Amino acid sequence: MDFLRPASWEEALAAKAEHPTAVPIAGGTDVMVEINFDHRRPEYLLDLTRVGDLYEWEVGEDSVRLGASVPYTRIMENLRAELPGLALASHTVASPQIRNRGGVGGNLGTASPAGDAHPALLAAGAEVEAESVRGSRRIPIDAFYTGVKRNALAADELIRAVHINKADGPQQFSKVGTRNAMVIAVCAFGLALHPGTRTVRTGIGSAAPTPVRATVAEEFLGAALDEGGFWDSGRIIPPSVARQFAELCSAACNPIDDVRGTAGYRRHAVGVMARRTLMWTWESYRGTDRATEGAA
Amino acid sequence: MRVNFTVNGRPQEADDVWEGESLLYVLRERLGLPGSKNACEQGECGSCTVRLDGVPVCSCLVAAGQVEGREVVTVEGLAEYAQQRSRGTGACGTSLDEARWWSAQGTDSGTGEGTELAPVQQAFIDAGAVQCGFCTPGLLVAADEMLERNPNPTDADIREALSGNLCRCTGYEKIMDAVRLAAARQGEAV
């Protein structure tokens, strides 16, 4: 095994081009487990912790450019207003020790369906900034996950940053596990209201071979809210609409039975989380809406 | 490969380190610092918690090569670290003179016997928070860091800060007592 220690992003890209089998390591919270348990013996480890750029973020007009290695702890502390869904999801990652090391770049690189960041990224809308010596490209998050623990990266590419749309409405994240800390999601759900475009986006984790959106449910809810004039009136969503949204979210799942839960349970739980997160976000949308009306 | 880094204020050099080796292995097997415990090797239990550039991390998930040039504090250095913090010197480590005069005084680095304890260590003893002791080093490092950041923690703060540390003996109640005690004493001392 060789340990490559690039001091800059350019050096890292050159190293990855020269050794496409090199395994990038930053927080190490996935890679080191595999090495400790002898599940993986990569020829090269490509240490990215010396590339300072990867630990920075920039808040832009419409989106946040989040460096691939920004630890979850920093996201929770600094980006709660801009990225509420991702901040909530970050808070459910493992433990303080893990959140101090792990970041979204690693979650994307591993591309496990259980990665906690994915539902929040899918719901908010995001693009992955991937780069190689050949050039840089932006991969839409919907096209990023290609299979179980597989993603759209080429062998010589590294993840530099994620561009995540800033919240234009309430967002929520929910996760099912046996306890609060140190839990791999049995299943997870992210929801973002986008009042600007009068749309709703979702993200489902651990209930299909890849993280997925419930697009049929999104379209149903978007149309129901629009046609009923709910965005303007801020009225309570009728239980029948919430129920159908939940059912369509369950139907978007393609889960398996495994040690953490059965397929049937996952489908059911995703429906419950969909209904709850819809209620939470809608309550907060109505709250802000009414506050503005009252002040005006 | 060779790795140079600072442990508990002292420069250390580890040789013949395998590239896939963890910081935990280097500390325990190469530097003779067995305080950080090896249990799960997957970041689940927190018994290997150390501070890396001040931040609590699971040393089993840090590749040895990643600590080149960085500063690590282990449970063995916790008393000294806490002492320097309370003195407000801000510097971590031992002066050259202190280092020259240092000698092993009938103790070993494994027990730390005969040395003054960090307040959080004393609180763990006084509250009876130690049973088999295997999780204790990780809990001490995590608890000490939380008290540094948050001098008046609520119970929820304590539970969250220690949520990455498993204990199979105590049921955590005595550990909660110990951290509350350390926080209270810290408050009195100010």
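What you are looking at is a predicted structure, and each value in this text was computed from that prediction instead of being measured.

S.K.: I'd like a rundown of the overall build of chain A, residues and numbers included.
M.R.: Of regular secondary structure, chain A possesses eleven helices and 13 strands. Oriented by its inertia axes, the alpha-carbon framework of chain A measures out at about 60 × 45 × 35 Å. Taking all 296 residues of chain A together, 50% fall into the buried category. Partitioning the contacts of chain A with sequence separation of at least 6, the portion at a separation of at least 24 is 66%.

S.K.: I'd love a proper account of helix α2 (residues 78-87) of chain B, names of residues and values included.
M.R.: Residues lying three or four places apart along an α-helix face the same way, a consequence of the helix completing one turn every 3.6 residues. Residues and elements named next belong to chain B. Buried within α2 we find Leu 78, Ala 79, Tyr 81 and Ala 82. End-on, the buried residues of α2 take up no more than an arc of 165°, which puts them together on one face. Lining the buried residues of α2 we find β5 (71-73), α4 (119-126) and α5 (136-149). Once α2 finishes, Gly 88 follows within two positions and takes phi at roughly 75°, a positive value.

S.K.: Residues and numbers for the pairing of strand β2 (residues 10-14) of chain B, please.
M.R.: Residue and element names in this part refer to chain B. For strand β1 (residues 3-7) and β2, the ladder comprises five bridges, and the chain directions are antiparallel. Within the sheet, the bridge partner assigned to Val 7 lies in β2 and is Arg 10. Remark: two residues form the turn of the hairpin made by β1 and β2, two consecutive strands paired antiparallel; Asn 8 in that turn has positive phi of roughly 50°.

S.K.: Tell me about the packing of α5(B) against helix α7 (residues 173-189) of chain B, residues and numbers included.
M.R.: Residues and elements named next belong to chain B. Two elements in contact, α5 and α7, have axes separated by 11 Å at closest approach and are oriented at 40°. The crossing of α5 and α7 is right-handed. The residues of α7 that touch α5, namely those facing Leu 139, Ala 143 and Leu 147, are Ile 175, Val 179, Ala 182, Ala 183 and Gln 186. A class-by-class count of the residues in the contact of α5 with α7 yields seven nonpolar, one polar and no charged.

Calculation notes
Residues numbered from 1 in each chain as written. Chains lettered and ligands numbered in written order. Predicted model: local features only at pLDDT ≥ 70, side-chain atom pairs only at ≥ 80, totals over all residues. Helix = DSSP H or I, 4+ residues; strand = E, 2+ residues; numbered from the N terminus. Buried ≥ 20, exposed ≤ 12 C-beta atoms within 10 Å, placed from the backbone. Contact = placed C-beta atoms within 7 Å. Arc of directions from axis to C-beta. Pairing = 2+ DSSP bridges. Axes fitted to C-alpha atoms, helices over the stretch in contact; angles between N-to-C directions. Left-handed = near helix turned anticlockwise from the far one by under 90°. Nonpolar A, V, L, I, M, F, W, Y, C, P; charged D, E, K, R; others polar.

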